[in-house]
Amino acid sequence: MCKERLVFAHRGASLASFENTMQAFERARVDGADGLEIDVQLSKDHVPIVIHDRELRRLARRERLVDTLNIRSVKKVKLGAHWWERRFGSFKIPALVEVVHFCELHGLALNVELKETVSEHPEQVGNIIRLLEPLEDVHISSFDRTILEEVRACDPSIEIAQLLVKKQLNRQTLQSMTHADVFHLNAVHWTPKRIALFESIGKPVRLYNVFGDEPIVERPHPLIIGWITDTPERFQ
């Protein structure tokens, strides 16, 4: 892709369809997203699956942890915030391999955020990287620095994006993150003072929690290389 700043649909087009489902990914494609941002957890039998929460309470109203279910049981989970969504809807938890195939088929970039069940099983990082091999434009992100360092050890060539929290926004911490190629930052922290900080560090940034109508989208800073948004259609 040659577009200057790619638009990644956060958990798919998650305001228009149920997050991290194939329906949300298809809607993101239709809405013009350049790529998808997804969350990866592990099932009990260590199959990478696409879901944000470890607990199924919010997404399926079930008092279970997703990593206590094997992949056959995961695929039977019906997602939905309301009973009628779960009963009459068709929202299911995709396996990572399904999303990789979808992105390969449609020429979409992929931002893979590794969640806590992956952090607890770093030996599975190599398998996740192998599943991503068909894609030309892919990067791996996480709040967990340790798991990203494991990614770097497994594959020095893959792009790594460090998700940042507010307490990390200081020169010493950012300079120490030599494993990261890119920083992912909540747009609320993109203030003049912190812009100067990132300029001094010199690494590119993708901003999340943007919706397409902000001044920073209209007049993006040169360090910004992408957007992560719930509303990809507003960036067209």
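In this report, we go over the structure that sits alongside the text. The residue numbers shown here count from 1 along each chain, following its written sequence. Given that this is a predicted model, residues contribute local features only at a pLDDT of at least 70 and side-chain atom pairs are listed and counted only at 80 or more, while totals for whole chains, interfaces and linings are drawn from all residues. Hydrogens and waters are ignored; side-chain quantities use all the structure's heavy atoms.

A few words now on the pairing of strand β6 (residues 159–163). The rule is simple: take the accessible area with a 1.4 Å probe, protein chains only, and divide by the maximum for that residue type; under 20% is buried, over 50% is exposed, in between is partly exposed. Going along the chain from the N terminus, every DSSP run of H or I of four or more residues is numbered as a helix, and every run of E of two or more is numbered as a strand. Counting buried positions along β6 yields four of five residues, so the element is predominantly enclosed. For strand β5 (residues 138–142) and β6, the ladder comprises four bridges, and the chain directions are parallel. Note on β6: the bridge partner recorded for His139 is Glu159. With helix α8 (residues 145–154) bridging β5 and its parallel neighbour β6, the resulting β-α-β unit is right-handed. For two strands to be treated as a pair, DSSP must find at least two bridges joining them. Where β6 and strand β7 (residues 182–186) come together, three bridges link them in parallel fashion. Of the residues in β7, the one forming a bridge with Ala161 is Val182. When the strands point away from the viewer and the connection leading from the first strand across the helix to the second strand turns clockwise, the crossover is called right-handed. Regarding topology, helix α9 (residues 171–176) serves as the crossover connection from β6 to the parallel β7, and that connection is right-handed.

Criterion for a salt bridge: a side-chain nitrogen of Lys or Arg within 4 Å of a carboxyl oxygen of Asp or Glu. By the definition in use, this model includes 16 salt bridges. Two residues, Asp39 and Arg11, come together in a salt bridge whose shortest N-O distance is 3.6 Å. Of this pair, Asp39 sits in strand β2 (residues 35–42) while Arg11 sits in the loop between β1 (6–10) and α1 (22–30); the two residues are 28 residues apart in sequence, bridging distant segments of the chain. Across the salt bridge formed by Arg54 and Asp67, the nearest N and O atoms sit 2.8 Å from each other. Residue Arg54 is located in the loop between β3 (48–50) and α2 (57–60), and its partner Asp67 is located in the loop between α2 and α3 (71–74); the two are separated by 13 residues in the primary sequence. Through salt bridges with shared partners, one network takes in Arg11, Glu19, Asp39, Asp53 and Arg58.

Here we come to the packing of α1 against helix α5 (residues 96–106). Helix axes use the C-alpha atoms of the stretch in contact, all axes being lines fitted to C-alpha atoms, and the angles between their N-to-C directions lie in the range 0 to 180 degrees. Axis separation between α1 and α5 bottoms out at 11 Å; the angle between their running directions is 15°. On the basis of their axis angle, the class for α1 and α5 is roughly parallel. Where α1 crosses over α5, the handedness of that crossing is right-handed. Side by side, α1 and α5 meet where Met22, Phe25, Glu26 and Arg29 of the first sit next to Glu98, Val99, Phe102 and His106 of the second. Any residue that is not Ala, Val, Leu, Ile, Met, Phe, Trp, Tyr, Cys, Pro, Asp, Glu, Lys or Arg is counted as polar, Gly included; the first ten are nonpolar and the last four charged. Taken together, the residues of the contact of α1 with α5 break down into four nonpolar, one polar and three charged. Any angle from 65 to 115 degrees is called roughly perpendicular, while one under 35 is roughly parallel, one over 145 is roughly antiparallel, and all others are oblique. In this scheme the handedness of a crossing depends on how the near helix is turned from the far one: anticlockwise by less than a right angle means left-handed, clockwise means right-handed. When checking whether two residues touch, look at their non-hydrogen atoms; a contact exists if any pair is within 4.5 Å.

Counting 32 residues, the largest nonpolar core has Leu36, Ile38, Leu110, Val112, Leu114, Leu132 and Ile140 as its most contacted members. For this core, the element with the highest residue contribution is α5, accounting for five residues. Contacts of Ile38, omitting those with residues within four sequence positions, involve Asn20, Phe25, Val50, Leu96, Val99, Leu110, Asn111, Val112 and Glu113. For this analysis, a nonpolar core means a set of buried residues of the types Ala, Val, Leu, Ile, Met, Phe, Trp, Tyr and Cys, connected via side-chain atoms within 4.5 Å. Counting 22 residues, the second largest nonpolar core, distinct from the first, contains Ala180, Val217, Ile224 and Phe235.

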